[in-house]
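# Residue-level structural notes
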Amino acid sequence: MNLLSRINTVLGPISAEELGLVAIHEHIGYGMPGSELDTKWWKTPEERYEETVPKLRKFHENGGGTFVDATGICNGRDIDYYKSLSRKTGVHIVACTGFVGGDTALPHFARASVDYLARHFIHEITVGIGDTGSKAGVIKVGVSRGGRMTELDKRIYRAAARAAVATGVPILTHLAIDARPAIDIFNEEGLPLDRVLFGHVDDGVNAESTPDTWIIEQGGRLGFDTFGYETELPDPPFWARPRKDRMEHFLRFVQGGHADKVLASADANCSPLGWPGVKGHTVNYIFEVLIPDLRANGVDEATINKIFVENAADFLSIRN
């Protein structure tokens, strides 16, 4: 195997050529800390499995190769469960270390130093997550509620940058708002910005205040990863956006000379934890709606392959 193209999955390292089409920002099951104790939405392992396996099987049948689970520490990450799902469905699953945002970090981590957090991330990438033997393939960071990075967010971002430099794995962000302090931190830590995917640049709440063009100019990548959360839904979530608006936003970059800097996904939950999720929205929106929409808007097969296969492989490949 070419070590320069190695990617960590929950069942072990694979080469970039084995990834296939990648859903770059998804969730097997995401919930806030403590959601597993909620009597209204709690699900048995059997119920979650029954709900999730058909979605992943369909993803595989549609041509999907790899599912990147962007569920951070404290939000329902379950590596042994992921391993079982991967074996059952044939889908490569990439797990992450890190946090969706400082406001989802439980007190043990919220009080931790940058050095401790960096060492923890590095351990999960190079040794393994808990006693599962599985290594994280990406680092998750995020901006807490309120739209501005908190001091805890900044500590997590700095720790993530140090871990990314030390291990060669990339960083995926939750939201791309308040990007300037994030990029300052990455630059200070010597992390090339093409190792960062600034996520949710397309969501209906923050798109207008996200400096997407500036991020591209600095060398970062853009994640258009809330496809399918549309105002046209019968009961749209608060971050929904008109389908046409999101597509036009995406096409400005795809057709404007930046197709090599964008990735796309649906940010769907296979089996949400502690909340009902958005009915009918799954990772398979990528195949059922998004890719047909791209074709209808004149995006050719080579560009579609670049977005979902080539860009994803380049981003996920460990560089060290």
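Residues numbered from 1 in each chain as written. Predicted model: local features only at pLDDT ≥ 70, side-chain atom pairs only at ≥ 80, totals over all residues. Heavy atoms only, no water.

As a further point, take the pattern of salt bridges. The full count for this structure, using the stated rule, is 17 salt bridges. In this structure, Asp202 engages Arg246 in a salt bridge whose closest nitrogen and oxygen atoms are separated by 2.9 Å. Pair noted here: Asp202 is in the loop between strand S9 (196–198) and helix H7 (212–218) and Arg246 is in helix H8 (residues 243–254), with a separation of 44 residues, a long-range link. Across this residue pair, the class does not change: Asp202 and Arg246 are buried. When salt bridges with common partners are traced through the structure, they connect Arg158, Arg162, Glu188 and Glu189 into a single cluster. (Salt bridge = Lys/Arg side-chain N within 4 Å of Asp/Glu carboxyl O. Helix = DSSP H or I, 4+ residues; strand = E, 2+ residues; numbered from the N terminus. Buried < 20%, exposed > 50% of the residue type's maximum accessible area, 1.4 Å probe, protein only.)

Bringing the confidence of the model for the chain into the picture now. On average, the chain scores 96 in pLDDT, and the residues at 70 or more come to 99%. Taken element by element, the chain is modelled with least confidence in helix H1 (residues 45–62), mean pLDDT 96, and with most confidence in strand S5 (residues 92–94), mean pLDDT 99. (pLDDT = per-residue confidence, 0-100.)

Next up on the list: the pairing of strand S10 (residues 221–224). By the alternation rule, side chains of S10 split into Arg221 and Gly223 and Leu222 and Phe224, which are all buried. One crossover worth recording links S9 to the parallel S10 by way of H7, and it is right-handed. Two strands pair when backbone bridges link them, and S10 and strand S11 (residues 262–264) are joined in this way by 3 bridges, in the parallel orientation. Its bridge partner lying in S11, Leu222 is registered against Val262. Once the chain exits S10 it traverses H8 before rejoining the sheet at S11, and the crossover so formed is right-handed. (Right-handed = clockwise from strand over helix to strand, strands pointing away. Pairing = 2+ DSSP bridges.)

Mapped onto the fold, Asp267 is located in the loop between S11 and helix H9 (285–296). Buried and unpaired, Asp267 has no salt bridge, with Lys140 as the nearest side chain of opposite charge at 6.4 Å. Apart from the residues within four sequence positions on either side, Asp267 is in contact with His25, Glu26, His27, His200, Asp225, Thr226 and Tyr229. (Lys, Arg positive; Asp, Glu negative; His and termini not counted. Contact = heavy atoms within 4.5 Å.)

All right, on to the sheet that holds S9 then. Strand order in the open sheet formed by 6 strands is S6-S7-S8-S9-S10-S11, with parallel pairing between adjacent strands. Looking along the sheet, the strands with just one partner apiece sit at the ends: strand S6 (96–98) and S11. In this sheet, adjacent strand axes meet at a mean angle of 30° when their direction is disregarded. When strand S8 (residues 171–174) meets S9, the two strands line up parallel, connected through 2 bridges. Across the sheet, Leu172 pairs through a bridge with Leu197, a residue of S9. Against the sheet, helix H10 (residues 301–316) engages S8, S9, S10 and S11, with an angle of about 115° to S11. (Axes fitted to C-alpha atoms, helices over the stretch in contact; angles between N-to-C directions.)

Before going further, it helps to spend a moment on the packing of helix H5 (residues 151–167) against helix H6 (residues 179–188). Viewed as axis vectors pointing N to C, H5 and H6 meet at an angle of 35°, and their least axial separation amounts to 9 Å. When you trace H5 past H6, the crossing you get is right-handed. Two secondary-structure elements touch here, H5 through Lys154, Tyr157, Arg158 and Ala161 and H6 through Pro181, Ala182, Ile185, Phe186 and Glu188. Across the contact of H5 with H6, the residue classes tally to 6 nonpolar, no polar and 3 charged. (Left-handed = near helix turned anticlockwise from the far one by under 90°. Nonpolar A, V, L, I, M, F, W, Y, C, P; charged D, E, K, R; others polar.)

Summarising burial for strand S3 (residues 21–26): 6 of the 6 residues are buried, a large majority. For S3 and strand S4 (residues 64–69), the ladder comprises 4 bridges, and the chain directions are parallel. If you follow Ala23 over to S4, its bridge partner there is Phe67.

Now for the nonpolar core. Where a protein is soluble and globular, its nonpolar side chains tend to be buried together. Judged by nonpolar contacts, the single largest core of 84 residues is most densely connected at Phe121, Ile139, Phe186 and Phe308. A per-element tally of this core places H5 first, with 8 residues. Ignoring any residue separated from it by four or fewer positions in sequence, one finds Phe121 in contact with Ile73, Thr97, Gly98, Phe99, Ile139, Ile156, Ala159, Ala160 and Ala163. (Core = buried A, V, L, I, M, F, W, Y, C linked by side-chain atoms within 4.5 Å.)

On to unusual backbone geometry, then. You will see that Cys74, though not glycine, has its phi angle at about 80°, which is positive. Structurally, Cys74 is set in the loop between S4 and helix H2 (79–89). In this structure, Asp267 is a non-glycine residue whose phi angle is positive, near 50°.

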